[in-house]
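If you want the building blocks of each chain, they are given just below.
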Amino acid sequence: PPAVFPLSCVVQSYSWGKVGLESEVARLVASSDPLAHIQPDRPYAELWMGAHPRGDAVIRDNRIPQKTLGQWIADNPACLGAKVKDAFQGHLPFLFKVLSVNTALSIQAHPNKELAAKLHAQFPEHYPDANHKPEMAIALTPFEGLCGFRPVEEIVSFLQSVPELRALIGEVAVEQLERSGSDDPRGVSAALRVCFTRLMKSEKKFFVDQLNMLVKRISQEAAEGKDTSGSNGDLLLRLHSQYPGDIGCFTIYFLNLVRLEPGEAMFLGANEPHAYLHGDCVECMACSDNTVRAGLTPKFIDVLTLCEMLNYTPAPSSSKIFPATQSQLDPSVYLYDPPVPDFAIMRIEIPASIKLYLVSAVDSASILLVIQGTAVGTSTAAASEMTLRRGSVLFISANESISLHLSSPDGMLLFRACCLL
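Residues numbered from 1 in each chain as written. Predicted model: local features only at pLDDT ≥ 70, side-chain atom pairs only at ≥ 80, totals over all residues. Heavy atoms only, no water.

Caption draft 1: Just unusual backbone geometry, in detail. A positive phi is found at N232, a non-glycine position, where the angle reads about 50°. Mapped onto the fold, N232 is located in the loop between helix 9 (204-223) and helix 10 (233-242). In this model, N399 sits at a positive phi of 65°, which is unusual for a non-glycine residue. For N399, a relative accessible area of 47% corresponds to the partly exposed category. (Helix = DSSP H or I, 4+ residues; strand = E, 2+ residues; numbered from the N terminus. Buried < 20%, exposed > 50% of the residue type's maximum accessible area, 1.4 Å probe, protein only.)

Set out below in structure tokens:
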């Protein structure tokens, strides 16, 4: 039976997604499937490439009896590769995605395995499984997100120039942070935890009043042409227009604003606070739905759990950019290999001068996404030749390779998710 085949992937229409053809997700779908109808007012937020039960990819090969990738893997677990199959109990260990973000996602963090097991046992309706959920995002277009706690001096500077923030946290906690010295990192983290928890647990009426005062003040200053960067004014007004009266608006004073250029990545380990703000990216994550949220969302929020679990280690935003390493064996391949076993991503940039390219075999099932370029793919493990164009998604069983016969004048850009144990 074929072990390499094309997939038709599920689109998720979350409200924060870009709408219609403004969305990279929609553009990829439209390009890969000429019959797809893109609705101009529908958000195309996420494309799920994998075997997740809430978005299992459909196999586009009528010689294969199984309808979905999940069913096919269940019947052919050897396709995962021997090591992956044993380590992850016969399941594909990752979910690969494209995200098109128009408005901010919730302030969130993902639990480690120990906390995930505990949350799932206590609140299965909110925490549906017992797995951790590390994630990595690689920008396709300029991409912005909040990620990790800022250096303390930046937070202290905001506490001194934003009296509304200072009022919410309270003088005692603020002074504790101002006095904490860089020679005592545990003291800094403890003070940061107290400040952030006091902010997130402040009384609704009180924080809405303070937020309205702040927004009014910043709006007036901006109208008068004053520089509001000392109060992070632009971002505050943007988030407030998206989520008026939401406590999440204040988190911009604690969390780094990270800007990624196309090809740059950020890795979000367990307990790292984050919120994507705008842009398009490919994302890979461990197979889990566990998200602890606390703001910029209408969904269930669990402030106590979030404030307890977070990693309160301050670091500059530049430290959040995760580097790719160029492959020694194949200069077209850049590897993003995060410090977790569940997944890795390859960015494959095939120059225009190459007309025949081998997508090499790895000892893991992988999923290949075409972002740019066209080719005909052949493989001894495929039923027939496959046309690859922008938006095409292929499943490649472990230890199978594909020859690409390129037909586009400007080369190709591919992303490949796999598991490198």
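Caption draft 2: Representation of the UniProt feature "domain: Phosphomannose isomerase type I catalytic" (unreviewed entry) in the protein chain within the structure. The sites that UniProt annotates as "domain: Phosphomannose isomerase type I catalytic" (unreviewed entry) are residues 4-152. Here residues 4-152 is 22% helix and 27% strand, with 50 Å between the C-alpha atoms at its ends. (UniProt positions renumbered as here; feature names shortened; annotations may be inferred.)

Caption draft 3: Geometry of the pairing of strand 18 (residues 344-350). The element strand 18 is extensively covered by neighbouring structure, given that six of its seven residues are classed as buried. Bridging between strand 17 (residues 333-336) and strand 18 involves four bridges; their strand directions are antiparallel. Opposite V333, over in strand 18, you have I348 as the bridge partner. As paired strands, strand 18 and strand 25 (residues 412-418) are joined by seven bridges and run antiparallel to one another. The partner of M346 across the bridge, within strand 25, is R416. (Pairing = 2+ DSSP bridges.)

Caption draft 4: The arrangement of the packing of helix 5 (residues 152-161) against helix 7 (residues 171-179) in detail. Two elements in contact, helix 5 and helix 7, have axes whose closest approach is 10 Å; the angle formed by their N-to-C orientations is 140°. One finds that helix 5 runs oblique with respect to helix 7. Of the two elements, helix 5 crosses helix 7, and the hand of that crossing is left-handed. For the pair helix 5 and helix 7, contact is made by V152, I155, V156, L159 and Q160 and by V174, L177 and E178, respectively. (Axes fitted to C-alpha atoms, helices over the stretch in contact; angles between N-to-C directions. Parallel < 35°, antiparallel > 145°, perpendicular 65-115°, else oblique. Left-handed = near helix turned anticlockwise from the far one by under 90°. Contact = heavy atoms within 4.5 Å.)

Caption draft 5: Fine view of the packing of aromatic side chains. The final tally for this structure, using the stated rule, is 11 aromatic pairs. A connected cluster of aromatic rings, assembled from ring pairs, spans F149, F196, F254 and Y312. Lying across the ring of Y44, R42 places its NZ or CZ 4.6 Å from the centre. Over the ring of Y14 we find K299, and its NZ or CZ is 5.6 Å from the ring centre. (Phe/Tyr/Trp six-rings, centres within 6.5 Å; stacked < 30°, edge-to-face > 60°. Lys NZ or Arg CZ within 6 Å of the ring centre and 35° of its normal.)

Caption draft 6: Region of the structure containing the side chain of N256. Secondary-structure assignment places N256 in strand 11 (residues 255-260). There is a polar contact of 3.3 Å between the side chain of N256 and the backbone nitrogen of S317. Beyond its immediate chain neighbours, meaning those up to four positions away, N256 contacts G145, L146, C147, G148, F149, R150, P151, E154, A315, P316, S317 and K320. (Polar contact = N/O pair within 3.5 Å; in protein donor to acceptor, adjacent residues only side chain to side chain.)

Caption draft 7: Region of the structure containing the domain arrangement of the protein chain. Split into domains, the protein chain comes out as domain 1 (151-240) and domain 2 (337-418). Put simply, the middle of domain 1 and the middle of domain 2, counted by C-alpha atoms, are 46 Å apart. (Domains from an automatic or database assignment.)

Caption draft 8: Structural detail: the sheet that holds strand 1 (residues 4-8). Read from one edge to the other, the open sheet built from eight strands follows the order 6-1-23-20-25-18-17-16, with strand pairing classed as antiparallel. The open sheet terminates on both sides in strands that have one partner only, identified here as strand 6 (58-59) and strand 16 (325-326). Note that strand 20 (residues 366-372) and strand 25 share five bridges and pair antiparallel. Paired with I367 across the strands is A417, a residue of strand 25.

Caption draft 9: Expanded view of the packing of helix 9 against helix 10. Between helix 9 and helix 10, the shortest axis-to-axis distance is 10 Å and the interhelical angle comes to 125°. With respect to their mutual orientation, helix 9 and helix 10 come out oblique. Helix-helix and strand crossings are classified by hand; for helix 9 and helix 10 the assignment is left-handed. Contacts between helix 9 and helix 10 involve L211, N212, L214, V215, I218 and S219 on the former and, on the latter, G233, L236, L237 and H240. Partitioning the contact of helix 9 with helix 10 into residue classes produces six nonpolar, four polar and no charged. (Nonpolar A, V, L, I, M, F, W, Y, C, P; charged D, E, K, R; others polar.)

Caption draft 10: Fine view of the pairing of strand 1. Relative to strand 23 (residues 393-396), strand 1 runs antiparallel, the two sharing three bridges. Bridge assignment links P6 to a residue of strand 23, and that residue is L394.

Caption draft 11: The sheet that holds strand 19 (residues 356-359), seen in detail. Read from one edge to the other, the open sheet built from four strands follows the order 19-24-21-22, with strand pairing classed as antiparallel. A single partner strand is all that each edge strand has here, and the edge strands are strand 19 and strand 22 (386-388). Within this sheet the neighbouring strands show an average axis-to-axis angle of 30°, counted without direction.

Caption draft 12: Molecular detail of helix 8 (residues 185-200). For helix 8, spanning 16 residues, the distance from its first C-alpha to its last is 22 Å, which sits close to the expected 22 Å at 1.5 Å a residue. Of the positions making up helix 8, those classed as buried are V188, A191, L192, C195, F196, T197, L199 and M200. For helix 8, the elements touching its buried residues are strand 10 (143-149), helix 5, helix 6 (163-169), helix 7 and helix 11 (303-309). (Expected span 1.5 Å × (residues − 1).)

Caption draft 13: Structural detail: the state of the cysteines. Applying the stated rule across the entire model yields zero disulfides. This cysteine, C195, is not joined by any disulfide, and C307 carries the nearest cysteine sulfur, 12 Å off. Classification of C195 as buried rests on a relative accessible area of 0%. This cysteine, C249, is not joined by any disulfide, and C307 carries the nearest cysteine sulfur, 16 Å off. (Disulfide = S-S within 2.5 Å.)

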